[in-house]
Amino acid sequence: MRSEPSSGGPELSGGGSPLAGAAEPADATDPALGTVRPGQPAPGAVGRVGPGAVEGLAGPEGPGRRQRHELWMRRALEVAVTGPDLPAVAAPTGGGGGVPVDDVPVGAVVYGPDGTELAVGRNERELTGDPTAHAEVLALRRAAERLGRWRLDDCTLVVTLEPCTMCAGALVLARISTVVFGAWEPKTGAAGSLWDVLRDRRLNHRPEVYGGVLEAENAAVLRAFFR
């Protein structure tokens, strides 16, 4: 079961990694700049000096990585907040007026290599009675169906809450290239909080991971739900 995340993630340093003679700008979404948690492997791709190290700021050709991630995260937040139309189910007493079926507001969006939105997902466990109906899993299923293949190479999944172990495993198996998430989940997170499934060097695929994107906004939505 997803639980309310804490408002704070790992402390991040403001330094940068050298690449092509230039220092990478401080970027709170870059795990290469964060304090490594106990047992956490280094970030995904081998031979890389920080994920997206030369793409931190906007340039004349278009938005930079941080701006793009924030834009995509706002779309995931929209999916989390609006979600599907929720039906009403009968009250336990059998009387009239039913109670709304609701799920923890977590939204996910899959983007193709060119930035095209392929699919969205929102938690639907309560709505469907499916224990695997997390936002990430639903978005992966729909993206695979749209593309007609299970491999989602060069695709990016953006989700408002740090993936759990189930979702992290699904992301690895789907060969997602990049994972961007919002709020940290200290109780069940598997992208650096409790485990780091996504960047475990024992696995045959390790996506690039960017955590804490619009963290405060994502955490506020979840805290409001649990009040």
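Model, not experiment: these values are computed from the prediction.

Examining the overall build of the chain
Okay, so step 1: Of the regular secondary structure elements, the chain holds five helices and nine strands.
Okay, so step 2: When the helices and strands of the chain are listed from N to C terminus, the series reads β-β-α-β-β-β-β-α-α-β-α-β-β-α.
Okay, so step 3: A buried classification covers 47% of the 227 residues belonging to the chain.
Okay, so step 4: Of the contacts formed within the chain by residues at least 6 apart in sequence, a portion of 61% connects residues at least 24 apart.

A short note on the sheet that holds strand β8 (residues 178–183)
Okay, so step 1: Spatially, β6-β5-β7-β8-β9 is the arrangement adopted by the five strands of the open sheet, whose pairing is mixed. Here the strands that pair on one side only, and so sit at the sheet edges, are β6 (117–122) and β9 (208–210). Here the strands of the sheet are splayed against their neighbours by 15 degrees on average, with no regard to which way each runs.
Okay, so step 2: As judged from the five bridges shared by strand β5 (residues 107–111) and β6, these two strands associate in the antiparallel manner. When the sheet's bridge partners are listed, A108 is paired in β6 with G121.
Okay, so step 3: Contacting β7 (156–161) and β8, helix α5 (residues 215–226) crosses the sheet at an angle of about 60 degrees to β8.

Considerations on the nonpolar core
Okay, so step 1: If you look at the biggest cluster of nonpolar residues, it comprises 31 residues, and the most contacted ones within it are L152, L157, I176 and L198.
Okay, so step 2: Element by element, the count of residues in this core is highest for helix α3 (residues 135–147), at five residues.
Okay, so step 3: Every residue in contact with L152, bar those within four places of it in the chain, is listed here: L140, A143, A144, L147, A174, R175, I176 and S177.
Okay, so step 4: Counting eleven residues, the second largest nonpolar core, distinct from the first, contains V109, V180, V213 and L214.

Observations regarding unusual backbone geometry
Okay, so step 1: Even without being a glycine, D154 presents a positive backbone phi close to 65 degrees.
Okay, so step 2: Given the relative accessible area of 52%, D154 is considered exposed.
Okay, so step 3: One non-glycine residue, R175, lies in the positive phi region at around 60 degrees.

Side note on α3
Okay, so step 1: For α3, spanning 13 residues, the distance from its first C-alpha to its last is 18 Å, which sits close to the expected 18 Å at 1.5 Å a residue.
Okay, so step 2: Within α3 the residues assigned to the buried category are A135, E136, V137, L138, A139, L140, A143 and A144.
Okay, so step 3: Of the residues flanking the end of α3, it is G148, one or two places downstream, whose phi is positive at about 75 degrees.

Some words on the packing of aromatic side chains
Okay, so step 1: Using the criterion set out here, one finds three aromatic pairs in the structure.
Okay, so step 2: Measuring from ring centre to ring centre gives 4.2 Å for W72 and Y111, while their planes differ by 10 degrees; the resulting arrangement is stacked. Highlighted residues: W72 in helix α1 (residues 65–82) and Y111 in strand β5, separated in sequence by 39 residues. Each member of the pair, W72 as well as Y111, carries the same accessibility label: buried.
Okay, so step 3: Residues F225 and F226 carry aromatic rings whose centres are separated by 5.2 Å and whose planes lie at 90 degrees to one another, so their mutual orientation is edge-to-face.
Okay, so step 4: With a relative accessible area of 30%, F225 lands in the partly exposed category.
Okay, so step 5: Using a relative accessible area of 30% as the deciding quantity, one classes F226 as partly exposed.
Okay, so step 6: Between the NZ or CZ atom of R68 and the centre of the ring of W72, over which it lies, the distance is 5.7 Å.

Overview of the packing of α3 against helix α4 (residues 165–173)
Okay, so step 1: Relative orientation of the contacting elements α3 and α4 amounts to 25 degrees, with a least axis distance of 9 Å. Relative to α4, α3 is oriented roughly parallel. Relative to α4, α3 is oriented so that their crossing is left-handed. Only M166, C167, A170 and L171 of α4 make contact with α3, whose side of the interface consists of E136, V137 and L140.

A closer look at the packing of α1 against α5
Geometrically, a packed helix pair is captured by the angle between its two axes and the distance between the axes.
Okay, so step 1: One can describe the packing of α1 onto α5 by two numbers: an axis separation of 11 Å at closest approach and a directional angle of 5 degrees. Comparing the axis directions of α1 and α5 gives the class roughly parallel. In this structure, α1 contributes M73, R74, L77 and V81 to the contact, and α5 contributes E217, N218 and V221.
Okay, so step 2: Split by residue class, the contact of α1 with α5 holds four nonpolar, one polar and two charged.

About the thresholds
Residues numbered from 1 in each chain as written. Predicted model: local features only at pLDDT ≥ 70, side-chain atom pairs only at ≥ 80, totals over all residues. Heavy atoms only, no water. Helix = DSSP H or I, 4+ residues; strand = E, 2+ residues; numbered from the N terminus. Buried < 20%, exposed > 50% of the residue type's maximum accessible area, 1.4 Å probe, protein only. Contact = heavy atoms within 4.5 Å. Pairing = 2+ DSSP bridges. Axes fitted to C-alpha atoms, helices over the stretch in contact; angles between N-to-C directions. Core = buried A, V, L, I, M, F, W, Y, C linked by side-chain atoms within 4.5 Å. Expected span 1.5 Å × (residues − 1). Phe/Tyr/Trp six-rings, centres within 6.5 Å; stacked < 30°, edge-to-face > 60°. Lys NZ or Arg CZ within 6 Å of the ring centre and 35° of its normal. Parallel < 35°, antiparallel > 145°, perpendicular 65-115°, else oblique. Left-handed = near helix turned anticlockwise from the far one by under 90°. Nonpolar A, V, L, I, M, F, W, Y, C, P; charged D, E, K, R; others polar.

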